[in-house]
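# Topology and contacts: notes
Chain by chain, the residues run as shown.
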Amino acid sequence: MDSSTSSTGASARRRTRPDTDASDSAPLRHTDDGPDAPASSDAAEATVSIGSFQRSQTRRHGRPENIGALSENPRVERQMQQLCNELESNTRKIVSLSNLANRPEGKGNGARIAALRLRQRQLTIQLKDCMRMLDPNLSGTVMERAKSPATADLEQTAFRVWEDYQRTQKASWSKYLWTILSGGIAYGIPFGTGTMLARGLERPYLVLLAGPLHTLAEPLWSMVRATTWTNPASEAYTGRQRARARANGDAWRYLANVPPKTKMLWIDPVSGKRVLLTAAQALATNQELWLWLHKMVSDDLPFFIFSMLYSAKNVLGDIYGPALFDRTTPEGMRNDLLAQFSDGFICGATSMLLGQLIRRLIATSTGGVQVVTKRVHDWHLQATYLKSYAEDIKDMLATGSVPEDDARLLRAKLREVETELVKASAKSTLAGSIGYEYSVMFQAKRLASNTDPDTPGKRLDTFCNMLGKTTTLLPSLGATYLCQPFGKSPDRMTRMIAHLVVPFSLVTWPGFAMRTELQDWYRSLFGACKGVASAMRAGCCCNGDDADDDAGFASDDSDGEEAPGMPADSDAGSGRAVDIEPDGGASAPNGTNSDGDSDDDGDGDGDGVLWLAADAPRAES
């Protein structure tokens, strides 16, 4: 179907949508009759099995994706199997007792029949709740019934185009070329600019511009990559920074008798259960050393390519003569700048490719996956579908005939769809896509997840990221100033040593390879300062800890975030873990945002989420 279908045509098709058969929309029905109601007919009390229930749910529209929909939710399927078995047994007992009602020996079974009917209604309600939890995988739920034929066609078009594109990109070798180009851009924008200015103007301190430029340009080269291998260990290591910052603040709040809040959302990688923890409890859910090692091997070690090639370039001046890179002459300045930029571009491309290959190699250990970057065309198709879906939900709610439970689920789904529509509409154009990425980087609260796990998720993250990267450039800058006299020494060995020290000081610890750790330090310092301020307010004003809702930079960029859908002070101050049951109408928040620009958003940098890889060594599993 053409993706440019007008909203007028879609609305017209919605008005002509045939009504859904009541028997299809409610395969398991129950009445509100009292306990003294007469026995219902055999048709109303027919036995129910999980097989017939599956067939009733997958035969409605005959779409291939509905086949075996329940198998995607094994826990819900097992629960539904138990409910259906119990309902079947309950129904047989009711029918048996009803048949004995007209006989003398069955006169005293009225109370038992009433109890069985009550239990039958309870089982039916529980089974319907399971049906709601399966949305959107299970056709026939209220979410699916709200879709008009036009919306269903738009959904299938967007789904088919996106699936075909993902399959093509994952199987194509061109993805490596895009990764190489992405790495070259990753060097050219930040380090290319800073290095060229520093060497061309003879002002070494200008290289510090590479720190903030590297953070600001990250969304650009992330969009260039065709595919991205994620590293959940690296994402979880970054997530620990928020927990550590909150824990540092809680230590100061404890001195003012302010109990810690359960603000960190943790998702069990085995059971999928969501729990709100205190910061100290969150830090105990995984092993930092394991996360750091897997982060370092894929995100830090590839940068040593810069040290090796830069050293080789610097030594060329001693091999072919000092005049080759003599910046006092026009020819020497040209050779020096061209060689420096060429080496940097090659190093950036190589380190990016190595990082992705290493992530692919350790994916079995970290749980990483390969995700595909969405094109502008794919976002446009998704935005068209979401717009039509939102109108369908509004039309269904406007009828006023929707049951209260279904209306609640529809309203929750509408909020979710409208949020996704804002993102899809913004990313339907190149300028809008870049603007959306930067809006996420500078959002005050983590309201939206960034589309790339390597990019900061809100304003405080962005500033700490800039500070961490800029600080890691200071050792190299200091080595540059210290080695300048030795680089002009008449002794060749002295010159070569000076030429080797500066490139290795650029990357090796505490150089650029330590940027994430330094970001953690700044984050922790901010959390401690915020805790001191909260403790002082509690001691002076006796109002306890702030609810992270006050005005100002500190409260906007709170170090801990509330879990989605929870009250602002849910179980605040209890200091104990809080279980969160997923709402049937809204999709559960994803713990990882591992997507280059895909819908698995996730993110990766979600609201205080600490996600553990299933195979990661940890205390609780």
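Take the pattern of salt bridges next. Here the idea is simple: oppositely charged side chains can pair when their charged atoms come close. Under the criterion given, the structure shown has 25 salt bridges. Lys 469 is the partner of Glu 218 in a salt bridge, and the nearest nitrogen-oxygen pair spans 3.5 Å. Here Glu 218 is found in helix α10 (residues 218-224), whereas its partner Lys 469 is found in helix α20 (residues 459-472), with 251 residues between them in sequence. You'll find Glu 218 and Lys 469 in the same group, each marked buried. When the shortest N-O distance is used, the salt bridge between Arg 375 and Asp 378 registers 3.0 Å. Residue Arg 375 is classed as partly exposed on the basis of its relative accessible area, which comes to 31%. Members of the salt-bridge network, linked through shared partners, are Arg 199, Glu 202, Lys 313, Arg 327 and Asp 336.

Looking now at empty space enclosed by the protein. Applying the stated criterion across every chain yields a total of three cavities of 30 Å³ or more. Considering the residues around the second largest cavity, the lining is formed by Lys 175, Tyr 176, Thr 179, Thr 227, Trp 229, Leu 353, Gln 356, Leu 357, Arg 360 and Gln 370. At the level of elements, α8 (174-200), β1 (227-229) and α15 (330-361) are the ones that each hand at least two residues to the lining of the second largest cavity. The leading source of residues in the lining of the second largest cavity is α15, at four residues. Taken together, the residues of the lining of the second largest cavity break down into four nonpolar, four polar and two charged.

A few words on the layout of surface pockets. Rolled over the atoms, a probe sized like a water molecule indicates the empty space that remains. In this structure, the second largest pocket encloses a volume near 1200 Å³. Arg 199, Asn 314, Arg 327, Thr 480 and His 499 are the residues nearest the centre of the second largest pocket, which is lined by 38 residues in total. Where the lining of the second largest pocket is concerned, the elements lending two or more residues are α8, α14 (304-320), α15, α21 (474-487) and α22 (492-507). Top element by residues in the lining of the second largest pocket is α22. It accounts for seven residues. Here the lining of the second largest pocket is composed, by residue class, of 18 nonpolar, 11 polar and nine charged.

A separate point is the environment of Leu 154. Within the secondary structure, Leu 154 sits in helix α7 (residues 149-171). Of the residues examined, Leu 154 reaches a relative accessible area of 6% and is grouped as buried. As for Leu 154 and Ser 388, which are separated by 234 residues in sequence, their C-alpha atoms are 8.3 Å apart.

Definitions and limits used
- Residues numbered from 1 in each chain as written.
- Predicted model: local features only at pLDDT ≥ 70, side-chain atom pairs only at ≥ 80, totals over all residues.
- Heavy atoms only, no water.
- Salt bridge = Lys/Arg side-chain N within 4 Å of Asp/Glu carboxyl O.
- Helix = DSSP H or I, 4+ residues; strand = E, 2+ residues; numbered from the N terminus.
- Buried < 20%, exposed > 50% of the residue type's maximum accessible area, 1.4 Å probe, protein only.
- 1 Å grid on protein atoms, 1.4 Å probe; cavity = no way out; pocket = protein on both sides within 12 Å on 5 of 7 lines; lining within 4 Å.
- Points joined across faces, edges and corners; volume = space filled by probe spheres on them.
- Nonpolar A, V, L, I, M, F, W, Y, C, P; charged D, E, K, R; others polar.

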